[in-house]
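# Fold and geometry: a report
Now for the letters of each chain:
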Amino acid sequence: MLSDPEKKARYDQYGTVDFDGSGFGSGGFGGFDFGDMGGFGDIFESFFGGGGGSSRRRNGPVKGADIEYTLNLTFEEAIFGVEKEITINRNENCEECHGSGAKPGTSPKTCPTCNGSGQVRVQRQTPLGSFVSTSTCSTCGGKGTVVDSPCSSCSGRGKTRKTRKITINVPAGVDTGNVMPLRGQGEHGSNDGPPGDLYVRINVAKSKHFDRRGNDIYIDTHISMGKAALGVEITVPTVDGDVKYTIPAGTQSGTMFRLKGKGVPKVHSSARGDQYVKVIVDIPKTLTSKQKEALEAFMEACGESVDGEITHKKKGFKDIFK
Ligand SMILES: [Zn+2]
Ligand SMILES: [Zn+2]
């Protein structure tokens, strides 16, 4: 279990997708939203602490531990959203004894060693004098209560390990590193404390075709130099399917075209990023003699001298300054 500042720092680092609850249709999430209340210890202490000081804290309600789960999504699932059923194991209050650990019909009694405080005072003699410190009561393990007849279902632990299936509605547009907090879906608390939270960390697979950067998608498309010069209609794959796009005559290699709104939706928004298509003009690496002739004819039409400037072996110092 992470202490709160550590946890906060970790999730801040990745950026939590801010879910307002609308994404959680089927799981009954949102029933426990303790997120903004800060430290539970403080809240419960203000109810139960009543001047008892730190000695009362140990056997007060304790929030259950958080659970982390990594959810792997395909590229398309992350873009369009998906409903996923995940399976988690968590400690829940035993159904037989309702978390008390005592055999049904009996109840836990106040620990005789610590009188229910969960802590014992230890006096130490040192050369500098005697010091009093407190430590966790070993009889009750800090709970403040002991059980004479343990519940047979949980062996007196009060908790049982359960496997639960949870349905998660992943909104469109999530990305690797996003974390979905599901309040109250973590481990059950102790001494009537609230349950912890379930943090679902999103991990999105790479696509073979598309390069996603935030809400934009990038793709390279190769065309021949003839088509680049003359212009051509090409078919461009997008996450919505193929679209036609007309490359204008005279397009240079490296030119980037934008397909507006063909990118990734922003989470909980109708806005979408764009898709960028980078045109790469392929220069032929080998030429047949027919192609070579045609290119030489093309060069002559451009007023370029084939012999003088192209064929390097014939070019001498004088030729350059002709
Ligand atoms: Zn039990
Ligand atoms: Zn005790």
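Residues numbered from 1 in each chain as written. Chains lettered and ligands numbered in written order. Predicted model: local features only at pLDDT ≥ 70, side-chain atom pairs only at ≥ 80, totals over all residues. Heavy atoms only, no water.

Under the convention used in this document: UniProt positions are given in the numbering used here, feature names are shortened, and annotations may be inferred rather than shown by experiment.
The name that an unreviewed UniProt entry assigns to the chain is Chaperone protein DnaJ, with the source organism given as Clostridium celatum DSM 1785. Its UniProt record gives the chain a comment under Subcellular location (unreviewed entry), which states: "Cytoplasm". Here the chain is described in UniProt, under the heading Sequence similarities (unreviewed entry), as follows: "Belongs to the DnaJ family."

### Description of the coordination of the zinc ion (ligand 2)
What counts, and what does not: Metal coordination here is assigned from N, O and S atoms located within 2.8 Å of the ion, or within 3.2 Å for Na, K and Ca; omission of water means that sites may look incomplete. Four donors are marked tetrahedral only if all angles between them lie between 85 and 135 degrees, whereas four are marked square planar and six octahedral if opposite donors are more than 155 degrees apart and the other angles lie between 65 and 115; the remainder are marked irregular.
Protein coordination at the zinc ion (ligand 2): the donors are Cys111 (SG), Cys114 (SG), Cys137 (SG) and Cys140 (SG), at 2.2 to 2.3 Å from the metal. In this structure, the zinc ion (ligand 2) is surrounded by 4 donor atoms whose angles at the metal cover 103 to 114 degrees, and the resulting shape is tetrahedral. If you list the donors of the zinc ion (ligand 2) from N- to C-terminus, the spacing comes out as C-x2-C-x22-C-x2-C.

### Focus on the UniProt feature "binding site: Zn(2+) 2" (unreviewed entry) in the chain
Selection rule: Under the DSSP-based scheme used, a helix requires at least four consecutive residues in state H or I and a strand at least two consecutive residues in state E, with every element numbered from the N terminus. A 1.4 Å probe rolled over the protein chains alone gives each residue an accessible area, and that area as a share of the maximum for its type sets the label: buried under 20%, exposed over 50%, partly exposed in between. By the convention used here, residues are in contact when the closest approach between their heavy atoms is within 4.5 Å.
Here, the residues flagged by UniProt with the feature "binding site: Zn(2+) 2" (unreviewed entry) are Cys111, Cys114, Cys137 and Cys140. Considering the C-alpha atoms alone, the annotated residues occupy 30 residues of sequence yet fold into one spot, their largest mutual distance being 9.1 Å. Along the chain, Cys114 turns up in the loop between strand S3 (109–110) and strand S4 (119–126). Judged by relative accessible area, which is 7%, Cys114 ranks as buried. As for its position among the elements, Cys140 is in the loop between strand S5 (129–136) and strand S6 (145–146). Discounting chain neighbours no more than four positions away, the residues touching Cys140 are Cys111, Cys114, Gly118, Thr145 and Val146.

### Notes on the side chain of Lys63
Basically, it comes down to this: Each polar contact in these results corresponds to two N or O atoms within 3.5 Å; when the atoms are within protein, one needs to be able to donate a hydrogen and the other to accept it, and residues that are neighboring in sequence are counted only if both atoms are side-chain atoms.
Topologically, Lys63 is positioned in the loop between helix H3 (54–57) and strand S1 (67–73). A relative accessible area of 15% means that Lys63 is categorised as buried. Here the side chain of Lys63 touches Asp197 through a polar contact of 3.2 Å, side chain to side chain.

### Brief notes about the coordination of the zinc ion (ligand 1)
Around the zinc ion (ligand 1), the protein supplies Cys94 (SG), Cys97 (SG), Cys151 (SG) and Cys154 (SG) as donor atoms, at distances of 2.3 Å. Here the zinc ion (ligand 1) binds 4 donor atoms, and the angle range of 105 to 116 degrees at the metal identifies the geometry as tetrahedral. Between consecutive donor residues of the zinc ion (ligand 1), the sequence gaps follow C-x2-C-x53-C-x2-C. Here the residue Cys94 occupies a position in the loop between strand S2 (82–93) and S3, and Cys151 occupies one in the loop between S6 and strand S7 (159–170), the gap between them amounting to 57 residues. Accessibility assignment for this pair places Cys94 and Cys151 in one class, buried.

### Quick notes on the nonpolar core
Applicable threshold: As used here, the term nonpolar core means buried Ala, Val, Leu, Ile, Met, Phe, Trp, Tyr and Cys residues forming a set that is joined through side-chain atoms within 4.5 Å.
Core analysis: the biggest nonpolar cluster contains 18 residues, and Ile223 and Ile247 have the highest contact counts within it. Aside from chain neighbours lying at most four places away, what touches Ile223 is Ala228, Ile234, Ile247, Val279, Ile280, Val281 and Asp282. Membership of the second largest hydrophobic core comes to 16 residues, among which are Ile67, Ile168, Val174 and Met180.

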